[in-house]
Amino acid sequence: MSAVADDQWRGVAAEDTEDIDRHVGLKLKRRSRALLGSLLRPHLRWAVLGLVLVVLENAARLAGPLLIAVVIDTGIPDLLRGDPTVMAWCVVAYAGCTVASAGLWAGFLMLSGRIGQDLVLDLRQRIFQHAQRLPLSFHESYTSGKVISRQTSDIDSLGDLLEVGIDDLLTSVLSIVGITVLLLTLDFDLAALTVVTALPLFFVTRWFLRRSNQAYRGVSGRTATVIVHYVETMNGMRAVQAFRREDRNRSIMDGLNSRVRSAARESLDVVATFTMSVRLVGNLSLAVVLAFGAFRVADGTLELGVLTAFTLYLRRFYEPLDDIAMFANSYSSAIAALEKISGLLQEKPDVPEPSRPRALPPHRGGLPIEFVGTEFRYRPDTPVVLPELDLAIPAGQTVALVGPTGAGKSTIAKLVARFYDPTAGKVLLSGVDVRDVSDVELRGSVVMVTQENFLFSGSVADNILLGKPSATRAEVEAAAHAVGAHDFISALPEGYDTDVRKRGGRLSAGQRQVIAFARAFLADPAVLVLDEATSSLDLPTERVVQRALESVLADRTALIIAHRLSTVLIADRVLVITDGRITEDGHPQTLTTTPGHFADLHTAWRDSLA
Amino acid sequence: MAALRRLAPYLRPARGKFILSAVAVLGSMVCGLTIPLILQQILDGPVARKETGPLPWLVLVIAVLGAAEALMFYLRRKLVAGPSTLVEARMRADIYAHLQRLPISFHDRWQSGQLLSRAVSDLSTLRRFIAFAGIFLVVNTLTLALGLVVLFLLAPVLGVITLVCAAPLILISTQYESRYAVLTRRSQDQVGDLATVVEESVLGIRVLKAFGRGPHLARRFAAQARELRGTELRKIRLLATLWGAIILLPELGISAQLLFGSLGVADGSMTVGTLVAGITVATYLRWPTDSIGWLLAETNQAATAAARYWEVRDAEVTITDPERPADLPADGVGAVRFEGVRFAHPGADREVLSGVDLDLRPGETVALVGATGSGKSTLTMLVPRLADVTAGRVSVDGVDVRDLRLADLRSVVAMAFEEPVLFSASVRENVALGAPGVTDEQVREALRVAQAEEFVDRLPWGLDTRIGEEGLSLSGGQRQRLALARAVVGRPKVLVLDDPLSALDVHTEAEVERALRAVLSGVTALVVAHRPSTVRLADRVALLDQGRIAAIGTHEELLKSCAAYREQLSTVDDEPAGVAS
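To start, this report covers the structure provided alongside it. (Residues numbered from 1 in each chain as written. Chains lettered and ligands numbered in written order. Predicted model: local features only at pLDDT ≥ 70, side-chain atom pairs only at ≥ 80, totals over all residues.)

1. Some details on the overall build of chain B
Part 1 of the reasoning: Check the secondary structure of chain B and you find 23 helices and 12 strands.
Part 2 of the reasoning: For chain B, the C-alpha radius of gyration of 35 Å lies well beyond 25 Å, the compact-globule estimate for 581 residues.
Part 3 of the reasoning: Principal-axis analysis of the C-alpha atoms places the extent of chain B at approximately 120 × 55 × 45 Å.
Part 4 of the reasoning: Looking at the 581 residues of chain B, the share that counts as buried comes to 51%.
Part 5 of the reasoning: In chain B, 77% of the contacts between residues at least 6 apart in sequence involve partners at least 24 apart. (Helix = DSSP H or I, 4+ residues; strand = E, 2+ residues; numbered from the N terminus. Rg over C-alpha atoms; globule rule 2.2 N^0.38 Å. Buried ≥ 20, exposed ≤ 12 C-beta atoms within 10 Å, placed from the backbone. Contact = placed C-beta atoms within 7 Å.)

Below, the structure written as structure tokens:
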């Protein structure tokens, strides 16, 4: 894996590299911390209350041993003399502290749990909404498996940090601070010696944080490759089984799996080495303090009681370090996750909402569309797909785009629907630049149906309702009627309420397509864009859809891309597109009789029907 | 718990290491307990008496014990790192292998998000359990039992008090265990459902953007995420209550020990030393007692995760190799016959196919025509046994497909689907999928047949170009042509094409059809068709209606004789002009 150069860390660019340069690493960390901070800010007051609860709980807990000492030193001697007062009070106080400690801790857990859950919910929604806002070009280059890991395993590691980590960290820090203060007041020299012997821990911890961060990046990156392969297999199971890819798939999986395993092992090894080092340093420093202290007691320069207290507290001083290491561990895994999440959140939607949206004029009978010097390329380093297009489509016209694959037909359609923005020039709807129209209004006015007829899990009705969520059942059924889907939907076991199963798996491609049509008809847009939308229909259905189209297209502007000439022939105007340019333009009847690309296509099609 | 016990075969090979790791935990506990005791001896003895002579040795003992403790810490993790990750990897490989054998009907029922969470998050829960919670559960229970014995030996009163406080704790823990299990299960299911929404939001992004319905789905997502939060909060409340009890009971026990101990000292039945020792041991038992709640919670989560894992592993592989497989005749010609074939989806009461009889003569191409949802795709899936008939039989060269080895059957029958599936692999691997031994020349021949050679050669690395999810993206037509090339590579005897031409444009379709005609002449083929142009590739056409073959004959015959067929295969433009023939 090569190191990522300084300018390439923005967004999701640094994600797949396990070994990144220090400088970039710092920027990634800063970005993650900024995200964490912005998530925590709204809960600051509750977090402070939580802190107070922990402090009180610690106080109540630490009071216990003190009370026992009082009972032994004063209570029992008093009792032997016949006075039970001190003993009784101490026992009552001990029980009281216990009750307080239990109550405070339970309260703290609930409070911190609530904060953690609110935080996770907030982050989930942020990523989800952001992923929805990102342009198609992003989704085409960033695989679905990765977006899923961002929202599942990465969120989980953050959840772990909040759930397991915070309370441990707080108690540990509190006891370390408390003990340090105690030691310093007891004997400065001995305390200084303790600090010096603890110094190696600083380096060990630094080593650990660096290595464990690296190890976690490795684990989560490699886990994502397993997820991608797994999802691909599940979604392509028909082909896997029909073509006996099972064994090959298994060997790919074994390879990916063992890469995950070695990364996971390495990260466990790092933890093992770290906890061992902390314990070793702690125990050896205990021995040193003991030796040094013992000779001073012998000299008479140190009280025996002070040395006893030191050795007792020293043990407690190092113990929480383990917890802190564990916290650092979940912290570094959460930070690795946050690095990726914050990268995703940093990706800018290239199709931004206008800051001051302009309203479209009322549109009975469709909206006029105009392309003015419109140029488009996918990326600065790829060739121009659409060179300077000038085209005016009056309101209500039905335009068919014809031409070979890759000529730029879909690009024209996508620019109207604002899936992409032009690299130069503009696209106007009724004189308004589409970039100045609010998303809500644009999506209400322009609807695109593609051959990719994705259905969501839920009922048939839910899927049609996507076109217009406020529609009534009668409207849904009317839309289904219009496109000839009513009969087959009614024949399903639960009619419109039938669950379509995973990605519409219960239905055929043709049925899914008709439902996608019904969805568009229900949306009733001013501009309808059909990109190969009739390609998977069977002929009877296509006939019904065509008839419906003729009446539906009458009072709206439409752009149709179709390979079937039967669809093209219902258009008012045909544009033949070759290499991003309009080479023929006219009424279909006129073009059929004029020699040219369209006339050839028409002849070929008539021949194929015979 | 039964679900956890079933992990035994995975754990057994590394049993020694797990035991050693538990021993290391015990060893570190012994060192941890011994160090303060020796320390106490040193402080009370030589130091108090100001004898510096034996000090260096005693300090050395402390240092050695300290080093030993650190080593035990290292060993306990190091020993389980290998086996626990290996168990996870093996279990993941096994569920993956099982899923690949499960029938398509299973995969249609299960969301891939749900399957994914079983193979990733559930298994990592199990790994954590195996490496940490499992070992500590054993060690801490042992320590607790040992501690109680010591207490009873010291003073029965102190033992009774500790036991009286520990018993309700165990009772509460058990109660809590079952309630927590229900919530954990619910939360894991909700996590799976949430993953499904996430998956759909990404895969359906074009539709969502086209209709501006991102916010709509976002609301649904938010509602589900909030539900999950609700479940998590209920888990936290339950956990907090348990923690309250875990802190309260043992500490109340110590107050009682303090009270009865003091009274005991007062009436002379106990010494102060015994009381101090009793309290020390009881305090030492706090972590083992405390941790039981947490460990049980982890065990619960692990048990739930294991149950979810086994739920998939236990799904029955209904389509398997026969016990006594038959062989295809060596001189097989690829005759395919459907006899009284019936099919209903599992659990459905309506039959999709109700008595299909169809004979495909060797080398013949039969087109299958029928209304949307008439069961054409289902019929095609029966040939390579992606689904099994519910009654009747499908045979190839006279042998029931269920009597053949799956590998044999599927190497004779090749398929192309309505929606092309490509894998993250090179073009070569995607095409040679079903016939791993083929040469580059054969791959190229198949690409030529599918009219795909030209565009493949234009790809940056030709046949080696990586495509699919993580590779270069191709157009629908290009994907479909590759899927076709895959079906014809290695020249299978039987070809089943489920309308693979639907995504192609007129020109490409015509080219692919011309090439297909050449290929189809040598094989028996069943082609689902929606277009007159596709139907014309076939020697005969079968019309599927109401789950039966309603008519069979040549395209021309059926156009003349069958009104239902005309209804299926005439286009809008034919109506005014009449059917061109």
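2. Here we look at the interface of chain B and chain A
Part 1 of the reasoning: If you look at the interface, chain B gives 130 residues, while chain A gives 138 residues.
Part 2 of the reasoning: It is helix H10 (residues 214-266) of chain B that contributes the most residues to the side of chain B that touches chain A, 27 residues altogether.
Part 3 of the reasoning: Of the residues that constitute the side of chain B that touches chain A, the class distribution is 70 nonpolar, 35 polar and 25 charged. (Nonpolar A, V, L, I, M, F, W, Y, C, P; charged D, E, K, R; others polar.)

3. A word on the sheet that holds strand S5 (residues 399-400) of chain B
Each strand in a sheet pairs with another by means of backbone hydrogen bonds, the pair being arranged parallel or else antiparallel.
All names here are of chain B.
Part 1 of the reasoning: Within the open sheet, the four strands sit side by side as S2-S1-S4-S5. Their pairing is antiparallel. A strand with exactly one partner marks an edge of an open sheet, and here the two such strands are strand S2 (353-360) and S5.
Part 2 of the reasoning: In this structure, strand S1 (residues 336-343) lies alongside S2, joined through six bridges in antiparallel fashion. By the bridge assignment, Arg337 is partnered in S2 with Asp359. (Pairing = 2+ DSSP bridges.)

4. With respect to the packing of helix H2 (residues 44-80) of chain A against H10(B)
Part 1 of the reasoning: Packing of H2(A) against H10(B) leaves a shortest axis separation of 9 Å and a crossing angle of 35°. Crossing geometry of H2(A) relative to H10(B) is assigned as right-handed. Here Ile68(A), Val71(A), Gly75(A), Ile76(A), Leu79(A) and Leu80(A) of H2(A) lie close against H10(B), whose contacting residues are Leu258(B), Ser262(B), Val265(B) and Ala266(B).
Part 2 of the reasoning: Here the contact of H2(A) with H10(B) is composed, by residue class, of eight nonpolar, two polar and no charged. (Axes fitted to C-alpha atoms, helices over the stretch in contact; angles between N-to-C directions. Left-handed = near helix turned anticlockwise from the far one by under 90°.)

5. Some details on the sheet that holds strand S6 (residues 413-416) of chain B
Residues and elements named next belong to chain B.
Part 1 of the reasoning: The strand order across the open sheet built from six strands is S6-S9-S10-S3-S11-S12, with neighbouring strands paired in mixed fashion. If you trace the sheet from one side to the other, it starts and ends with S6 and strand S12 (548-553), each paired once. Direction aside, neighbouring strands of the sheet carry axes that sit 20° apart on average.
Part 2 of the reasoning: Examined bridge by bridge, S6 and strand S9 (residues 494-498) share four bridges and lie parallel to one another. Bridge pairing in S9 links Ala414 to Leu495.
Part 3 of the reasoning: Running at roughly 175° to S6, helix H18 (residues 476-488) makes contact with S6 and S9 of the sheet.

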